[in-house]
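Each chain is listed here by its residues.
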Amino acid sequence: MMMTLDGHRILDRLQTSTGLSRSDIMTHLALRHAHDLSFDVDGVVYRHKLSGTVMSIRMTDHAHTLLTDARARTGKSYSDLGEALVDRWGLGEHYPERPTAKRKSRARRRR
């Protein structure tokens, strides 16, 4: 997925504020808002994408299906869909808390 500089900035800000990965953020947004995606213009919506920074985003099967359906419905690329999710809903969204890592108890060495 490619994004514009503004899209990267928003996604970076979300990662910092939530502690979630890009994939977690994009999956959450797709699950919540993919069915709401629509566009008023034909062709590429978000121009000036940074082609040297292609991101690999891993999603659940359900989130991928929702984006695939949105792609068929809108005729837009996954990059435009992802950028729209981040641009329209990213900063105003409530994200799940990052799961905390459980500490493993270590056996104490006896002297």
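Given the structure is predicted, the values throughout are model-derived calculations rather than measurements. Throughout this document, residue positions are counted from 1 along each chain, in the order its sequence is written. Whole-chain, interface and lining totals are the exception, using all residues; otherwise, since this is a predicted model, local features are given only for residues with pLDDT of at least 70 and side-chain atom pairs are given and counted only at 80 or more. Excluding hydrogens and water, the side-chain values take into account all heavy atoms of the structure.

1. A look at the overall build of the chain
Item 1. A run of DSSP states H or I qualifies as a helix once it reaches four residues; a run of E qualifies as a strand once it reaches two. Both are numbered from the N-terminal end. Helix and strand counts for the chain stand at four helices and zero strands.
Item 2. Along the chain, helices (α) and strands (β) appear in the sequence α-α-α-α when read from the amino end.
Item 3. Contact criterion: two residues are considered in contact whenever any of their non-hydrogen atoms come within 4.5 Å of each other. Considering only contacts within the chain whose residues lie at least 6 apart along the sequence, 84% involve residues at least 24 apart.
Item 4. The method behind every accessible area is Shrake-Rupley, applied with a 1.4 Å probe, and residues are considered shielded solely by the protein chains displayed. Accessible surface computed for the chain: about 8100 Å², of which carbon and sulfur atoms make up 47%.

2. A look at the packing of aromatic side chains
Item 1. Stacked, edge-to-face and tilted labels apply to pairs of Phe, Tyr and Trp rings (six-membered ring for Trp) whose centres lie within 6.5 Å, assigned for plane angles under 30 degrees, over 60, and everything in between, in that order. One pass over the structure, following the stated rule, counts zero aromatic pairs.
Item 2. The aromatic ring of F39 is capped on one face by R88, whose charged end is 4.7 Å from the ring centroid. By the criterion adopted, a ring carries a charge over it if an Arg CZ or a Lys NZ lies within 6 Å of its centre and within 35 degrees of its normal.

3. Re the side chain of K49
Item 1. Secondary-structure assignment places K49 in the loop between α2 (22-33) and α3 (61-74).
Item 2. Polar side-chain contacts of K49 include one of 2.8 Å to the side chain of D80. Contacts described as polar in this section are N or O atom pairs within 3.5 Å, which, within protein, must combine one atom able to donate a hydrogen with one able to accept it, while residues neighboring in sequence count only if both atoms come from side chains.

4. Observations regarding the pattern of salt bridges
Item 1. Every case where a carboxyl oxygen of Asp or Glu lies within 4 Å of a side-chain nitrogen of Lys or Arg is listed as a salt bridge. Using the criterion set out here, one finds three salt bridges in the structure.
Item 2. With its nearest N and O atoms 3.6 Å apart, the salt bridge here joins D6 to R9. Of this pair, D6 and R9 are both found in helix α1 (residues 5-18), three residues apart, which corresponds to roughly one turn of the helix.
Item 3. Among the salt bridges present, the one from K49 reaches D80, with a minimum N-O distance of 2.8 Å.

5. Some thoughts on helix α4 (residues 78-90)
Item 1. Burial classes follow relative accessibility: with a 1.4 Å probe on protein chains only, a residue under 20% of its type's maximum area counts as buried, one over 50% as exposed, and anything between as partly exposed. Along α4, the residues that are buried comprise S79, D80, L81, G82, E83, A84, L85, V86 and G90.
Item 2. Where the residues of α4 are buried, they touch α1, α2 and α3.

6. Thoughts on the packing of α2 against α4
Between two packed helices, what matters for the description is the angle formed by their axes and the separation of those axes.
Item 1. The axes are straight lines fitted to the C-alpha atoms, using for helices just the contacting stretch, and the angles between their N-to-C directions are given from 0 to 180°. Across the interface, α2 lies against α4 with an axial gap of 10 Å and an inter-helix angle of 80°. The orientation of α2 relative to α4 falls into the category roughly perpendicular. Where α2 approaches α4, its residues M26, L29, A30 and H33 are matched on the opposing element by G82, L85, V86, W89 and G90.
Item 2. Any residue that is not Ala, Val, Leu, Ile, Met, Phe, Trp, Tyr, Cys, Pro, Asp, Glu, Lys or Arg is counted as polar, Gly included; the first ten are nonpolar and the last four charged. By residue class, the composition of the contact of α2 with α4 is six nonpolar, three polar and no charged. An angle below 35 degrees is treated as roughly parallel, one above 145 as roughly antiparallel, one from 65 to 115 as roughly perpendicular, and anything else as oblique.

7. Re the confidence of the model for the chain
Item 1. Here the chain shows a mean pLDDT of 87. Residues at 70 or above account for 88%.
Item 2. Here α1 stands out as the element of the chain with the lowest mean pLDDT, 92, in contrast to α3, whose mean of 95 is the highest. Per-residue confidence from the predictor is reported as pLDDT, a score between 0 and 100.

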